[in-house]
Amino acid sequence: MAAEQTPIAPIHEFAPAKVNLYLHVTGRREDGYHLLDSLVMFADVGDQITIAPSDILTLDHAGPFGGSLPDPADNLIMRAAMALRDMHGISADAHLTLTKNLPVASGIGGGSTDAAAALRGLCQLWDIDPTSTEVMDLALSLGADVPVCLRGRSTIMRGIGEDFTDVDDCPRTHAILVNPGVGVSTPSVFKARSGDFSSPVDWEACHGETLAERLGSTRNDLEPPAVSLSSVIADVLSALTDCEGVQLARMSGSGATCFGLFPSKEAAQAAATQLIHAHPDWWATATIFGP
Ligand code: C5P
């Protein structure tokens, strides 16, 4: 009698929100892409991807923000899956389910962290090394933020998003993420940036008791252009600054999501509750930024 094949269990991958604690724009390449210097950390909130073997490649959406996603065929997850499959000559396919808990087009990774989680899960399913140069190059070809999300740990990111220095001395920090419900276009924000380029940060020379203190001499250079395109971001920053106990209020990535750093879980939760109460149309959540 032929032995029965054990069905392969679905793979579950967490796609954490990516946060740019600081982001300096240090130059621009001839192809128009900007050179960045950014401390990236990951939150304990994010999207969820489930991957199961299948005869055809498909993607379903669920979750609070699942309805705001474009056509699955255009989704970065599908592009990631097709590129990985073709690159490794894989004949199998997979059914992916994305539970979208994070707001879309919001400066906290969104499509990039989802694509990175899909790559991690599919590499496991298809027995591919996710840290190989080929997979990292594929990640960069999908978007400048995908490689850092594939690494998934606190990192100083330079270049356009391909040069990494691991950071081991960033403590777990209580925070909130706040999004005012507007999507901001990343290319438009970069285009609206003006003025001189910034110097990179010497992170080792940034001293302080808390992460907020260490970030004191840094900024997000994309904040002014993002605010010029979407003034509600200034309202979010101002509301965050007014929260009791806030140590630092700043925008992440190209916006519109902003974050606040807090000394305790209680202070972060109180601030999130206060903001949701005052602005029922905003999304706000307490979280932890971790190493
Ligand atoms: O790579 P990604 O698709 O995320 O980038 C979207 C757009 O943002 C790019 O087409 C470019 O206009 C801008 N961008 C940039 N420099 C970066 C990352 C993104 O100018 N390092």
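Residues numbered from 1 in each chain as written. Predicted model: local features only at pLDDT ≥ 70, side-chain atom pairs only at ≥ 80, totals over all residues. Heavy atoms only, no water.

Structural notes on the overall build of the chain
- Of regular secondary structure, the chain possesses 9 helices and 10 strands.
- Its C-alpha atoms give the chain principal-axis dimensions of roughly 70 × 45 × 35 Å.
- Accessible surface, the chain as shown: approximately 13100 Å² in total, 51% of it carbon and sulfur.
- Computed over 17 positive and 36 negative side-chain charges, the inter-centroid distance for the chain is 4 Å. (Helix = DSSP H or I, 4+ residues; strand = E, 2+ residues; numbered from the N terminus. Areas by Shrake-Rupley, 256 points an atom, 1.4 Å probe, with all protein chains shown as cover. Lys, Arg positive; Asp, Glu negative; His and termini not counted. Charge placed at Lys NZ, Arg CZ, Asp CG, Glu CD.)

Quick notes on the packing of helix α1 (residues 76-87) against helix α2 (residues 111-126)
- With their axes 8 Å apart at the nearest point, α1 and α2 run at an angle of 35° to one another. Two packed elements cross with a definite hand, and for α1 against α2 that hand is right-handed. Only G111, S112, D114, A115, A118, L119, L122, C123 and W126 of α2 make contact with α1, whose side of the interface consists of L76, I77, A80, A81, L84 and R85.
- Of the residues contributing to the contact of α1 with α2, the split by class is 11 nonpolar, 2 polar and 2 charged. (Axes fitted to C-alpha atoms, helices over the stretch in contact; angles between N-to-C directions. Left-handed = near helix turned anticlockwise from the far one by under 90°. Contact = heavy atoms within 4.5 Å. Nonpolar A, V, L, I, M, F, W, Y, C, P; charged D, E, K, R; others polar.)

Overview of the site of the ligand
- The ligand sits among G32, Y33, H34, L36, G143, A144, I160, T186, P187 and F190.
- Contacts to the ligand include Y33, whose side-chain N or O atom sits 3.2 Å from an oxygen atom.
- Interatomic distance of 2.8 Å between a side-chain N/O atom of H34 and an oxygen atom of the ligand.
- Contact with the protein chains removes 72% of the 450 Å² of surface that the ligand exposes when unbound.
- Placement of the ligand is best described as lying within the largest pocket.
- Elements with a contribution of two residues or more to the shell around the ligand: β2 (34-54) and α5 (186-192).
- With 3 residues, α5 is the single largest residue contributor to the shell around the ligand.
- Across the shell around the ligand, the residue classes break down as 6 nonpolar, 4 polar and no charged. (Near = heavy atom within 4 Å. Polar contact = N/O pair within 3.5 Å; in protein donor to acceptor, adjacent residues only side chain to side chain. 1 Å grid on protein atoms, 1.4 Å probe; cavity = no way out; pocket = protein on both sides within 12 Å on 5 of 7 lines; lining within 4 Å. Sits in = over half its atoms within 2 Å of the grid points.)

Regarding the layout of surface pockets
- Roughly 1200 Å³ of volume is contained in the largest pocket.
- Residue lining of the largest pocket: 45 residues in total, with S112, D145, T186, P187 and S254 positioned closest to the centre.
- When residues of the lining of the largest pocket are traced back to their parent elements, those giving at least two are β1 (11-28), β2, α1, α2 and α5.
- Among the residues forming the lining of the largest pocket, the class breakdown is 21 nonpolar, 15 polar and 9 charged. (Points joined across faces, edges and corners; volume = space filled by probe spheres on them.)

Description of the pairing of strand β8 (residues 248-251)
- Summarising the sheet, β8 and strand β9 (residues 258-262) pair through 4 bridges and their orientation is antiparallel. When the bridges of β9 are listed, M251 appears paired with C258.
- Linking β8 to β9, which pair antiparallel, is a turn of 6 residues; within it G253 sits at a positive phi near 55°. (Pairing = 2+ DSSP bridges.)

Some words on the nonpolar core
- Of all hydrophobic cores here, the largest spans 67 residues; its most connected members are L84, L96, L119, L122 and I176.
- Considering each element in turn, this core owes the most residues, 9 residues, to α2.
- Not counting the four nearest positions on each side in its chain, L96 is found in contact with I49, T50, I51, L57, T58, L59, D60, I77, A118 and L122.
- Listed in part, the 27 residues of the second largest apolar core include C170, V201, W283 and F289. (Core = buried A, V, L, I, M, F, W, Y, C linked by side-chain atoms within 4.5 Å. Buried < 20%, exposed > 50% of the residue type's maximum accessible area, 1.4 Å probe, protein only.)

Considerations on the packing of α1 against helix α3 (residues 133-142)
- The geometry of α1 relative to α3 is characterised by a closest axis approach of 11 Å and an angle of 145° between their N-to-C directions. Along this stretch, α1 crosses α3, giving a crossing that reads as right-handed. Counting all contacts with α1, which are made through L76, R79, A80, A83, L84 and M87, the residues of α3 involved are E134, V135, L138 and L142.
- Of the residues assigned to the contact of α1 with α3, the class counts are 8 nonpolar, no polar and 2 charged.

Considerations on the pattern of salt bridges
- Summed over the entire model, instances satisfying the criterion amount to 13 salt bridges.
- With its nearest N and O atoms 2.9 Å apart, the salt bridge here joins D114 to K100. Taken together, the positions of D114 in helix α2 and K100 in the loop between β4 (93-99) and α2 put the pair 14 residues apart, joining distant regions of the chain.
- The exposure class of D114 is buried, given its relative accessible area of 2%.
- Residues joined by salt bridges that share partners form a network here, namely R151, R153, D166 and D168. (Salt bridge = Lys/Arg side-chain N within 4 Å of Asp/Glu carboxyl O.)

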